[in-house]
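Examining the three-dimensional arrangement
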Amino acid sequence: MVIRILTVCLGNICRSPAAEAVIRSKAAQAGIGVEVDSAGTAAYHVGEPPHPDSVAVGARRGYEVGGHGRQLAPEDFDRFDLIVTMDRSNLADVRRMAPTGARAVIRPLVDGGVVPDPWGKPIAAYERMYDLIEEASDALVESLTAQVSGRRQDSAS
Ligand code: 4NP
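Quick summary incoming for the structure in this document. (Residues numbered from 1 in each chain as written. Predicted model: local features only at pLDDT ≥ 70, side-chain atom pairs only at ≥ 80, totals over all residues. Heavy atoms only, no water.)

**Topic: the site of the ligand**
Taken together, Cys-9, Leu-10, Gly-11, Asn-12, Ile-13, Cys-14, Arg-15, Tyr-44, His-45, Asp-117 and Trp-119 make up the full set of residues near the ligand. The contact in question runs from an oxygen atom of the ligand to an N or O atom on the backbone of Ile-13, over 3.0 Å. Coverage of the ligand by the protein amounts to 91% of the 360 Å² it exposes when considered alone. For the shell around the ligand, the per-class residue count stands at six nonpolar, three polar and two charged. (Near = heavy atom within 4 Å. Polar contact = N/O pair within 3.5 Å; in protein donor to acceptor, adjacent residues only side chain to side chain. Areas by Shrake-Rupley, 256 points an atom, 1.4 Å probe, with all protein chains shown as cover. Nonpolar A, V, L, I, M, F, W, Y, C, P; charged D, E, K, R; others polar.)

Here it is as structure tokens:
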């Protein structure tokens, strides 16, 4: 079984490409099948690579951060099982853009919190961004692992 996950921020160049890479890496380590992509609610940076600070700080922590900016599209709500957002305005925007009857579950990456936007801020903001993303991704992968093993037990009985 493959779980399809989309990470979403505003510009799709700082936070969501970082979260995409972290979730992919942690899910692989946990041995769960995922496909992870990222998108922005805005079109400002469509076609651009991730921000150099997101790439550099990620690389130092062992993540390969890549891809090109794209904007969230209506089809994403059916293509993905789970859409995770970085802050409250992303969450509100994604919910507003969701077609009625959308399949994807929409939730914040940080339960009850936010990953602040580091764009235009010093490198320390990117380190903090990764600290928050890594902690939340550990929790996400743990809950996905529990879901997947629950389903395996259901299908075996
Ligand atoms: P992101 O950061 O949403 O984490 O990719 C931003 C990148 C660009 C802009 C805002 C946030 N911008 O206004 O261009």
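Next, the rest of the story.
**A word on the sheet that holds strand β1 (residues 3-9)**
Within a sheet, neighbouring strands are paired by backbone hydrogen bonds and run either parallel or antiparallel to one another. Reading across from one edge, β2-β1-β3-β4 is the order of the four strands in this open sheet, with parallel pairing throughout. The open sheet terminates on both sides in strands that have one partner only, identified here as β2 (34-40) and β4 (105-108). Adjacent strand axes in the sheet meet at a mean angle of 25° when their direction is disregarded. Pairing of strand β3 (residues 82-85) with β4, which is carried by four bridges, proceeds in the parallel orientation. Counted as the bridge partner of Leu-82 is Val-105 from β4. Helix α1 (residues 15-30) contacts β1, β2 and β3 of the sheet and is inclined by roughly 175° relative to β2. (Pairing = 2+ DSSP bridges. Helix = DSSP H or I, 4+ residues; strand = E, 2+ residues; numbered from the N terminus. Axes fitted to C-alpha atoms, helices over the stretch in contact; angles between N-to-C directions. Contact = heavy atoms within 4.5 Å.)

**A few points about helix α4 (residues 88-97)**
For α4, the complete set of buried residues consists of Asn-90, Leu-91, Asp-93 and Val-94. When α4 is viewed along its axis, its buried side chains cluster within an angular range of 165° and face the same direction. The exposed residues of α4 that point more than 90 degrees off its buried face are Arg-88 and Arg-96. Its buried side turned inward, α4 meets β1, α1, α3 (76-79), β3 and β4. One side-chain oxygen of the residue at the start of α4 lies 3.2 Å from the amide nitrogen of Ser-89, identifying that residue as Asp-87. (Buried < 20%, exposed > 50% of the residue type's maximum accessible area, 1.4 Å probe, protein only. Arc of directions from axis to C-beta.)

**Brief notes about unusual backbone geometry**
What is expected of a backbone is that most residues other than glycine have negative phi and most peptide bonds are trans. Positive phi, close to 60°, is recorded for Asn-12, a residue that is not glycine. Residue position: Asn-12 is located in the loop between β1 and α1. Exposure remark for Asn-12: the relative accessible area of 2% places this residue in the buried category.

**Concerning the nonpolar core**
As a rule of thumb, soluble globular proteins bury nonpolar side chains together. Among the nonpolar cores identified, the biggest contains 33 residues, and Ile-5, Leu-109, Tyr-130 and Ile-133 are the most heavily contacted of them. Elements with a minimum of two residues in this core: β1, α1, β2, β3 and α5 (123-156). A total of 10 residues in this core trace back to one element, the largest contributor, which is α5. When sequence neighbours within four positions are dropped, the list of residues in contact with Tyr-130 reads Ala-18, Val-22, Ser-54, Val-57, Gly-58, Arg-61, Tyr-63 and Val-65. Within the second largest apolar cluster, 11 residues are counted, among which are Val-8, Ala-39, Ile-83 and Ala-104. (Core = buried A, V, L, I, M, F, W, Y, C linked by side-chain atoms within 4.5 Å.)

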